[in-house]
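These are the residues of each chain, in order.
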Amino acid sequence: MEPKISLSARVKQIKPSPTLAVNAKAKALKAAGADIVNFSVGEPDFDTPPHVCAAGKAAIDQGFTRYTAVPGIPELREAIAHRFAEDHGWHYTADQIQVASGGKHGLYNMAQALFGPGDEVLVLAPYWVSYPDIIQLSGATPVIVPLTEAKDFDLEPEVLARYVTERTKGIILNSPSNPTGSVFSRAALAAVGQMALKGNWVVISDDIYDTITYIDGKLPHILDVCPELMEQTLVLNGVSKSFAMTGWRIGYTAGPKHIIAAMNKIQSQSTSNASSVAQKAALAAVSGPQDFPRVMKEAFVPRLDFILKTLTEIPGVTCVKPSGAFYVFPNVSAYFGKSFKGKPITGSLDLADYLLDEALIAAVPGIAFGADRFIRFSFATSMPVIAEGMKRFKTALANLS
Ligand code: PMP
Ligand code: GLU
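Residues numbered from 1 in each chain as written. Chains lettered and ligands numbered in written order. Predicted model: local features only at pLDDT ≥ 70, side-chain atom pairs only at ≥ 80, totals over all residues. Heavy atoms only, no water.

Undergrad: Looking at this structure, I do not really get helix H13 (residues 348-359). What am I missing?
TA: All of the buried residues in H13 are Ser348, Leu351, Ala352, Tyr354, Leu355, Leu356 and Ala359. Tucked inside the fold, the buried residues of H13 contact helix H2 (18-31), strand S10 (339-340), strand S12 (361-362), strand S13 (364-365), strand S14 (375-378) and helix H14 (383-398). Two residues or fewer after H13 comes leucine 360, characterised by a positive phi angle close to 55 degrees. (Buried < 20%, exposed > 50% of the residue type's maximum accessible area, 1.4 Å probe, protein only. Helix = DSSP H or I, 4+ residues; strand = E, 2+ residues; numbered from the N terminus. Contact = heavy atoms within 4.5 Å.)

Undergrad: Even after reading the chapter, I still don't get the pattern of salt bridges, so can you show me in this structure?
TA: Close approach of charged atoms lets side chains of opposite charge pair. Considering all chains together, one arrives at 14 salt bridges under this definition. In this structure, glutamate 86 and arginine 83 form a salt bridge, with 3.3 Å as the shortest nitrogen-oxygen distance. One end of the pair, glutamate 86, and the other, arginine 83, are both in helix H4 (residues 74-88), three residues apart, so they sit about a helical turn from each other. Glutamate 388 is paired through a salt bridge with lysine 391; the nearest N and O atoms lie 3.5 Å apart. Of the two residues, glutamate 388 and lysine 391 both sit in helix H14, three residues apart, roughly one turn of that helix. The exposure class of lysine 391 is exposed, given its relative accessible area of 54%. Connected through shared salt-bridge partners, Asp35, Glu388, Lys391 and Arg392 make up one network. (Salt bridge = Lys/Arg side-chain N within 4 Å of Asp/Glu carboxyl O.)

Undergrad: Got a minute to help me understand the nonpolar core in this structure?
TA: It is characteristic of soluble globular proteins that their nonpolar side chains tend to be buried jointly. Leu311, Phe377 and Phe393 are the most contacted members of the largest nonpolar core, which has 122 residues in total. A total of seven residues in this core trace back to one element, the largest contributor, which is helix H12 (residues 292-313). Sequence-distant contacts of phenylalanine 393, defined by excluding residues within four places in its chain, comprise Leu311, Ile314, Val332, Leu355, Ile361 and Phe377. Among the nonpolar cores identified, the runner-up in size contains five residues, and Val22, Ala26, Leu356 and Ala362 belong to it. (Core = buried A, V, L, I, M, F, W, Y, C linked by side-chain atoms within 4.5 Å.)

Undergrad: Explanation requested: the site of ligand 1 in the structure shown.
TA: Around ligand 1 lies a shell of 13 residues, among which Gly103, Asp206, Tyr209, Ser240 and Lys241 are the nearest. In this structure, glycine 103 approaches ligand 1 through a main-chain N or O atom, which is 2.6 Å from an oxygen atom. Aspartate 206 is positioned with one of its side-chain polar atoms (N or O) 2.6 Å from a nitrogen atom of ligand 1. Protein chains shield 94% of the accessible area of ligand 1, which is 390 Å² for the free molecule. Judged by its atoms lying within 2 Å of the grid points, ligand 1 is housed in the second largest pocket. Of the residues contributing to the shell around ligand 1, the split by class is four nonpolar, five polar and four charged. (Near = heavy atom within 4 Å. Polar contact = N/O pair within 3.5 Å; in protein donor to acceptor, adjacent residues only side chain to side chain. Areas by Shrake-Rupley, 256 points an atom, 1.4 Å probe, with all protein chains shown as cover. 1 Å grid on protein atoms, 1.4 Å probe; cavity = no way out; pocket = protein on both sides within 12 Å on 5 of 7 lines; lining within 4 Å. Sits in = over half its atoms within 2 Å of the grid points. Nonpolar A, V, L, I, M, F, W, Y, C, P; charged D, E, K, R; others polar.)

Undergrad: Would you take a moment to explain helix H6 (residues 130-137) for this structure?
TA: Residues spaced three or four apart along an α-helix face the same direction, because each turn holds 3.6 residues. Of all eight residues in H6, six are buried; the element is thus mostly enclosed. Of all the positions in H6, only Ser130, Tyr131, Pro132, Asp133, Ile134 and Ile135 are classed as buried. Tucked into the core, H6 has its buried residues touching helix H5 (103-114), strand S3 (120-125), strand S4 (141-146), strand S5 (168-174) and strand S6 (202-206). Glycine 139 sits one or two positions beyond H6 and adopts a positive phi of about 95 degrees.

Remember that the coordinates give geometry; whether it matters functionally is a separate question.
And the structure:
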């Protein structure tokens, strides 16, 4: 029966976050007693560092439990500005920074402040699952630009050029990328930077994985190769990944004052401010010792080596070596067209369902990232879990005929 109250056209356009949906399903199965190997959600398997937790506890004990300034407490914004200056040499004032309830919420604020019907926003596929939906919620149109495995999922400016129109208002860059782990090259960033300057696009640089890289030297950044873009670039970051703080929900954006002010207007009429207690914890993370992300990254290296080696030994599977983040994104399309007990595997959704039902492995189908020939495994989980999961994966693929 049709419910009495209808829903908005806006909400009907979007879908729930597929990464969170697979994770919820895996957790429910696990709670019901199933021996699930969970490669689904992207969150570090580390605990939040003790000094950060202590700052959160102290905030509660000291009664720091009231509304804060809409853009975030001044000392946190100062500390974030200091971090950008120290890490990158970018000089922001505190009124060029907004603290929001997670990086995802920062993106939402940006899209609401910048985009509307008639605007087109370039999104590179494979993309993080939430980009298209957040853009759609603003009324704008996400324009999906394919990146290729053959080019290690680097930006291809000449391909991008084919998707540009006079309605192009912005582009989202994510390097290292979720889900591919790719890092964009300086040359490609420089070419795209020139296109952005020419077209007056807003550049959204989602740097949430920038502390987790497996490359030598500094991570290339569009603002370093094209500093003239400063007036039209929003840099998004947060503590979820770098300080294992996914549940605290703190992310931040740095950019031109008038855009940050517009985002603050949106925030003042929606969440008011990010959690006061979580902001104090984030302050300890951002202003304290910066060795935690490095320690975490060092723990990821042997896991990456192991998972990549195992995957590429499986007949028909290919996988670009990630240069950052904690995901592998193998191409599994050689198994499409095969079946199990008469049930065909037609694409990544079928494969992910088969893996969950028959091998008790939770992974996110590539179609959720706009790339159906692939599947995503997060290796932010322990080595024994990865070893068991890969053993099951290998067997499950071998059982398809
Ligand atoms: N960007 C990317 C690419 C992500 O993978 C995520 C997922 N955590 C986010 C932004 C947002 O993270 P959070 O909201 O936890 O800060
Ligand atoms: N970004 C993480 C992921 O891709 C967390 C889940 C989400 O925020 O969608 O798994």
